[in-house]
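Here's the letter readout for the chains.
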Amino acid sequence: MSKKPAPVTESDYLKAYRTMLASRVLEEKLASLYRAGMIKGGVFLGKGQEALSVSVGIHLRRGDVFAPLIRDQAGRLAFGDTILDTLRTYLGSQLGSMRGRDGNIHRGRPRDGYYAMISHLGAMVPAVAGALLARRLRGETGVVGATCIGDGGTSTGAFHEGLNAAAVDKLPLVVVVANNQYAYSTPNSRQYACADLLDKAAGYGVAGHRADGTDLLSCLETLRQAVHDARNGGGPQLVVAPLLRLVGHGEHDDFAYLDKSLKKSAVGADCLELAEKHILSQGWKTAEDLAAWRRETENEVNTTADRVRREPPPDPGEDDWAALSRPEYREQYAAA
Amino acid sequence: MSKKPAPVTESDYLKAYRTMLASRVLEEKLASLYRAGMIKGGVFLGKGQEALSVSVGIHLRRGDVFAPLIRDQAGRLAFGDTILDTLRTYLGSQLGSMRGRDGNIHRGRPRDGYYAMISHLGAMVPAVAGALLARRLRGETGVVGATCIGDGGTSTGAFHEGLNAAAVDKLPLVVVVANNQYAYSTPNSRQYACADLLDKAAGYGVAGHRADGTDLLSCLETLRQAVHDARNGGGPQLVVAPLLRLVGHGEHDDFAYLDKSLKKSAVGADCLELAEKHILSQGWKTAEDLAAWRRETENEVNTTADRVRREPPPDPGEDDWAALSRPEYREQYAAA
Amino acid sequence: MITYLEAIRLAQQKALATDPRVFLYGQDIGNFGGAFKATKNLANEFPGRVLDSPLSEDAIVGMAIGAAIEGARPIVEMQFADFSTCGLNQIVNHAATLFYRTGVPCPIVVRLPSGGTSGAGPFHSQSMEAIYAHWPGLVVVTPATVEDVYTMLLEAVAIDDPVIFCEHKFLYYHLKAEKLPETSLPIGKARIARAGRDATIVTHGAMLHESLAAAAELAADGYELEVVDLRSVKPLDTDTVLASVARTGRLLVVSEEWPWGGVTSEVISRVSTEGFGLLDAAPMRINAKDTPVPYHPDLWSVHRPTASTIAAAARRLLHI
Amino acid sequence: MITYLEAIRLAQQKALATDPRVFLYGQDIGNFGGAFKATKNLANEFPGRVLDSPLSEDAIVGMAIGAAIEGARPIVEMQFADFSTCGLNQIVNHAATLFYRTGVPCPIVVRLPSGGTSGAGPFHSQSMEAIYAHWPGLVVVTPATVEDVYTMLLEAVAIDDPVIFCEHKFLYYHLKAEKLPETSLPIGKARIARAGRDATIVTHGAMLHESLAAAAELAADGYELEVVDLRSVKPLDTDTVLASVARTGRLLVVSEEWPWGGVTSEVISRVSTEGFGLLDAAPMRINAKDTPVPYHPDLWSVHRPTASTIAAAARRLLHI
Ligand SMILES: Cc1ncc(C[n+]2csc(CCOP(=O)(O)OP(=O)(O)O)c2C)c(N)n1
Ligand SMILES: Cc1ncc(C[n+]2csc(CCOP(=O)(O)OP(=O)(O)O)c2C)c(N)n1
Ligand SMILES: [Mg+2]
Ligand SMILES: [Mg+2]
């Protein structure tokens, strides 16, 4: 395989930045809608993880498979999800892709390679591996599948079994660990005992990559390499990126357990701010340009939210309440 | 902690050898009883794994916890199990420790720290870890817990979760991987992709040890060190020993899938034969001594088997058919 | 006023205070006090005995089993009942078989925050009692009141058998009691939550309150429904159910979990086989619909039984 | 003569030969041909399409799900039904919810070598059909004949929904047929295995044959038992069961799995709620005892229902 992918250009960087920005603005809106009591279900945000997440989504292409996790709003948008469908799902519109049956972080469109995560962490690892196996059996080459997971998720049996099975079949799977220092309230010291989560790569016989999760360029370069290597026959790639979740676990969580020294350390930096600084320092854009971009996105998000709020909720009378696709298999229960 | 345990002496070696021999002779008997159709249930033997297994059992002491696996007849005997109870279980005597309710490799006496494995591989890893946690909470120190597992078992989520959790709490757990090249028929090439199963140790943040599974001295020294380190606060210890299972997966299996070159390679050596050669070459015993030992053990095994065969089977009328200890909780089902 | 949730916390506090064998293990239950705060402050009060686990349900249960064999009394918390599927193997194949196989009991308590709440969706709403009741070797309880959740949790810790403790999240905050009882019915005994003569509703968990509301609605029309709160679904107190049906002649069983092989199915099966002659009419059952639990509140409120669907069924049962 | 086991192999062979979407994944199913030889020679015949998996039930099912989403038709083998608890989370929370949640169906087949055989013990004997039937979103089939195991496996591969295929190990070797059928009843339809007028036995799996033997025994005394083979327990063909009970007025349900919430419970519940007026006597059920399956043959043969315990129950039902 060719060792090096094309370098990350200014335009790549700016494109990734704009998606990060869209994700940030959209999530700010979700948070405020949540506080206003307008969201159906929970709100779990990816603030501080956009650089890593966008770098995954942006390096996948049509025909690839992506199973985002909790904090992958940026990666979702980069892979093709829309502000409209995001808001429809959170606001409980009938027109959302999940039709009210499931929602929010659990949304997806599997037919488009955009998988809908189940809550049980780790479960998407073997699912993406299986998708890649099926593609290989069909004779397709050059396909990549990616999924994200947290430090907490690495403790699941599903992660272990899935990554190991993918390694045995040398599947083009990229597993991206956002090591955001906490699983809900649980600090890494109660989650694992290895010196570095990247030490796990050798134990599975997969390639390992480290990215600085606060630095967009590092994330872009690392993911570009990892996706490239997977696409070119290098087998599973494990990417580990230290960073800090900059918000509570969910919007209900005040994050009181945050160790303040982490906030001040290198991992505590805000990747969006750092990216802005980088853009300005490179002279690629002015502060005014960036402010204009933000306003544009805010407008789009606000307008879309207003529109979606007028859409009807799902109608229970219209739901066919069918867990199986075959109508003949639907059971009738007497008094139900 | 003190870095080095006491060295392995001649008498240690000979004691271990005698237990290996007892295991081998007992298993030969089990195989012949199986062929004669006298065994209840399946027979899964540890031939070729005695050196490793005995080294685990022999370094544990009263008050420690041991959860043997499929091929640990030698370790079981070293830990205090008897030829009598083994035969009672396999021959289905009412007097066996499992009273016919479970048997053979699933036997144990949990009250004595001798755990009764469930079939689901990996499951004993967290169980032993939990036992050690309980001991620690009770203020006991210097306790060690050990369990064995195969190359196949390392692919289970249970192994991963259990070892990781033990590492987080730095529990004195010794996990011994008998890398016997196959899981049933599955060769290592379809089981894992790491260069060496020992590469997993760093990923859990636990100490790693390698033993030559065909060499009793290597096994004794390695396990002595690992158990010593665990006992002295070193946290979990992962021991990996390459060797070859010298028989089929179970006595029903003709082992036709064996790669003949493995048999001829270093891992294919018979640890019992090598130990005998070592004893003779050191001049510790003569060939006649060893032959006498074997005869003695054969006599004991044969006599015991004859006695056990006259013992009654469990009586279904006497079984109280109670899955719960509280009599009040036993359900009555109408027509059952 | 003590909430249902606070009663769970107080029971664990009391268990820790009075029994040195007790310890707590689970995700985020330490300093954080748990996703629902059912262990709030307990890590402080009982240093070293309330431990955060990694995100590993199988290991959580497996470790509890080993600890129990050594004489400890672990209470483990699943963050949601739904995630217990990841620890199910240890529960049903290890904890549940240990006593029968070895004669050594396995005194673990597995707390399952159970059942539906608005907006929780397919993976934070499940009721698992029927699953765990199917396997032999487990005690499965479903406390429906503040008093019961307190006394039954203490009793669960005290007994030698593994207990699946299905506490209902819908009841966490709004169910309140003045004070906690010292004594109570033992696990395995059902309770007549409301006496009546015209028909029997057998139920458990959050559905007790929906059923009581339905009974109140029918009382306004002059019908007296007897409501039986099962309290534990395994063992299941067939005698109390049969005695009630003997009085009323009519049976409606209401559960929030899925219908196939659920509590409704088991109760109706027992009454039909053992009390056929007591029934004046066909027994009826109401369950959640046979689909995953939908996340949207408008769908969810139709997916599960409610006072009004229960009342409607009761009217059919009574031929009103 | 074709055995039940060979019919499973032939069905997989045919599926591989006729549908390029089909592949097989599981432990030891490749060159070795599987623990029971249900895939013997298939790896040779269909290179690259019969793959040995690592010892990882969760990954096995998870991979099948991803493959199914991409349009493949995976058949996965659990080495024993009992080990499917380690892959249960993927089955019930991923495969079973996918269609309801996303509208995308999940056409996987999970083969579960099920049920008790002599000496197999607590962990190689379980019947899991009631467990998987409880969760919404799965088709659960329990073929009891050589013909059914063949046609139903082919049908399972063809349909879009996830199928839990409970093949019974007790039937593997001794059940034989002359030839395999081209057509059959569809999944979801029960079959009258023996016509009768005095009572109905509803059963499935290996218990079909015990029940038929019991019916033969009673026939010698002049009683004609109708035996209904459910074939699939979800969907469950309530109509056929009710029609039979309408003819006989008496119902005995026989299953090898544990009683609480099992097939017996569900069938009796349906007949009691929907066909109460058809019953001339209290329905009855027989199950395995409510303990783990004992390993010793002498205990095992008492643990599960047999022709003689079924016949005895039938006599009580008929007041003989
Ligand atoms: C198997 C499983 N157990 C428990 C949970 C509940 N849960 C949801 S998110 C979370 C923390 C996840 O931590 P991590 O994997 O580090 O991801 P992060 O939230 O930090 O992005 C937990 C425990 C779950 N979703 N799945
Ligand atoms: C979770 C689980 N899946 C499947 C099995 C069936 N099984 C029993 S032994 C075995 C092979 C085990 O291989 P390994 O762990 O290498 O141990 P070895 O037999 O080589 O000693 C398998 C697949 C099992 N016991 N547990
Ligand atoms: Mg995290
Ligand atoms: Mg092996």
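Here is a short report on the structure shown in this document.

Definitions and cut-offs
- Residues numbered from 1 in each chain as written.
- Chains lettered and ligands numbered in written order.
- Predicted model: local features only at pLDDT ≥ 70, side-chain atom pairs only at ≥ 80, totals over all residues.
- Heavy atoms only, no water.
- Helix = DSSP H or I, 4+ residues; strand = E, 2+ residues; numbered from the N terminus.
- Rg over C-alpha atoms; globule rule 2.2 N^0.38 Å.
- Areas by Shrake-Rupley, 256 points an atom, 1.4 Å probe, with all protein chains shown as cover.
- Lys, Arg positive; Asp, Glu negative; His and termini not counted.
- Charge placed at Lys NZ, Arg CZ, Asp CG, Glu CD.
- Contact = heavy atoms within 4.5 Å.
- Buried area = accessible area lost by both parts, 1.4 Å probe.
- Salt bridge = Lys/Arg side-chain N within 4 Å of Asp/Glu carboxyl O.
- Polar contact = N/O pair within 3.5 Å; in protein donor to acceptor, adjacent residues only side chain to side chain.
- Nonpolar A, V, L, I, M, F, W, Y, C, P; charged D, E, K, R; others polar.
- Least-squares fit on C-alpha atoms with pLDDT ≥ 70 in both.
- Buried < 20%, exposed > 50% of the residue type's maximum accessible area, 1.4 Å probe, protein only.
- Axes fitted to C-alpha atoms, helices over the stretch in contact; angles between N-to-C directions.
- Left-handed = near helix turned anticlockwise from the far one by under 90°.
- Donors = N, O, S within 2.8 Å, 3.2 Å for Na, K, Ca; no water.
- Tetrahedral: all angles 85-135°; square planar, octahedral: opposite > 155°, others 65-115°.
- Arc of directions from axis to C-beta.

**Side note on the overall build of chain C**
- Regarding its fold elements, chain C presents 11 helices and 14 strands.
- Here chain C has a C-alpha radius of gyration of 19 Å; the compact-globule value for 320 residues is 20 Å, and the two agree.
- Summarising its shape, the C-alpha atoms of chain C cover approximately 60 × 40 × 40 Å along the three principal directions.
- When the accessible surface of chain C is summed, it comes to about 7800 Å², and 53% of that surface belongs to carbon and sulfur atoms.
- Between the averaged position of the 26 positive side-chain charges in chain C and that of its 35 negative side-chain charges there is a distance of 2 Å.

**Quick look at the interface of chain C and chain A**
- Taken together, the contacts link 38 residues of chain C with 41 residues of chain A.
- A buried area of about 3100 Å², summed over both sides, lies between chain C and chain A, and 65% of it is on carbon and sulfur atoms.
- Of all residues in chain C, Leu 55, Tyr 295 and Leu 299 of chain C bury the most surface against chain A, accounting for 23% of the area lost on that side.
- At the junction of chain C with chain A, the criterion picks out 0 salt bridges.
- Applying the counting rule to chain C against chain A returns 11 residue pairs in polar contact (both at pLDDT 80 or more).
- Elements represented by at least two residues in the side of chain C that touches chain A include exactly strand E3 (50-52), strand E14 (284-286) and helix H10 (297-303) of chain C.
- Here the residues of the side of chain C that touches chain A are counted per class, giving 21 nonpolar, 9 polar and 8 charged.

**What to know about the relation of the copies chain C and chain D**
- Once turned by 180° and shifted 0.0 Å along the axis, chain C lies on chain D with an RMSD of 0.0 Å. In the structure described here, the two chain copies are related by an operation that fits a two-fold rotation axis. The rotation axis passes nearest to the C-alpha of Gly 261 of chain C in chain C, at a distance of 2.1 Å.
- Residue by residue, 100% of the interface of chain C is reproduced at the interface of chain D, so both copies engage with the same surface.

**A look at the pattern of salt bridges**
- With the rule as written, the count across this model stands at 82 salt bridges over all chains.
- Between Glu 140 of chain A and Arg 138 of chain A there is a salt bridge; the shortest N-O distance is 2.5 Å.
- Relative accessible area serves as the criterion here: at 47%, Arg 138 of chain A is assigned to the partly exposed category.
- Between Glu 311 of chain B and Arg 307 of chain B there is a salt bridge; the shortest N-O distance is 4.0 Å.
- Classification of Arg 307 of chain B as partly exposed rests on a relative accessible area of 41%.
- Linked through salt bridges whose partners overlap, the residues forming this network are Asp 81, Asp 85, Arg 107, Arg 109 and Asp 112 of chain A.

**Some remarks on the packing of helix H1 (residues 10-35) of chain A against helix H10 (residues 271-282) of chain A**
Residue and element names in this part refer to chain A.
- As a packed pair, H1 and H10 sit with axes 11 Å apart at the nearest point and diverge in direction by 145°. Crossing angle aside, the handedness with which H1 passes H10 is left-handed. From H1, Tyr 13, Leu 14, Tyr 17, Met 20, Leu 21 and Arg 24 reach across to H10, where they touch Cys 271, Leu 272, Ala 275, Glu 276, His 278 and Ile 279.
- Here the contact of H1 with H10 is composed, by residue class, of 9 nonpolar, 1 polar and 2 charged.

**Re the coordination of the magnesium ion (ligand 3)**
Residues and elements named next belong to chain A.
- Around the magnesium ion (ligand 3), the protein supplies Asp 151 (OD), Asp 151 (OD), Asn 180 (OD1) and Tyr 182 (O) as donor atoms, at distances of 2.0 to 2.6 Å.
- Relative to the metal, the 6 donor atoms surrounding the magnesium ion (ligand 3) lie at angles of 49 to 170°, and the coordination shape comes out irregular.
- Spacing between the donor residues of the magnesium ion (ligand 3) along the chain follows D-x28-N-x1-Y. With Asp 151 in the loop between strand E2 (145-150) and helix H6 (157-168) and Asn 180 in the loop between strand E3 (173-179) and strand E4 (182-183), this pair connects stretches of sequence that are 29 residues apart.

**Digging into helix H11 (residues 307-317) of chain D**
Residues and elements named next belong to chain D.
- What H11 keeps buried is the set Ala 307, Ile 310, Ala 311, Ala 313, Ala 314 and Leu 317. Seen along its axis, H11 keeps its buried residues to an arc of 165°; they face one direction.
- Here the buried face of H11 lies against strand E10 (199-203), helix H7 (207-220), strand E11 (225-229), strand E13 (251-254) and strand E14 (284-286).
- Taken from the residues just after H11, His 319 is the one with a positive phi, measuring 55°.

Note that every value here comes from positions in space, so none of it alone points to a role or purpose.
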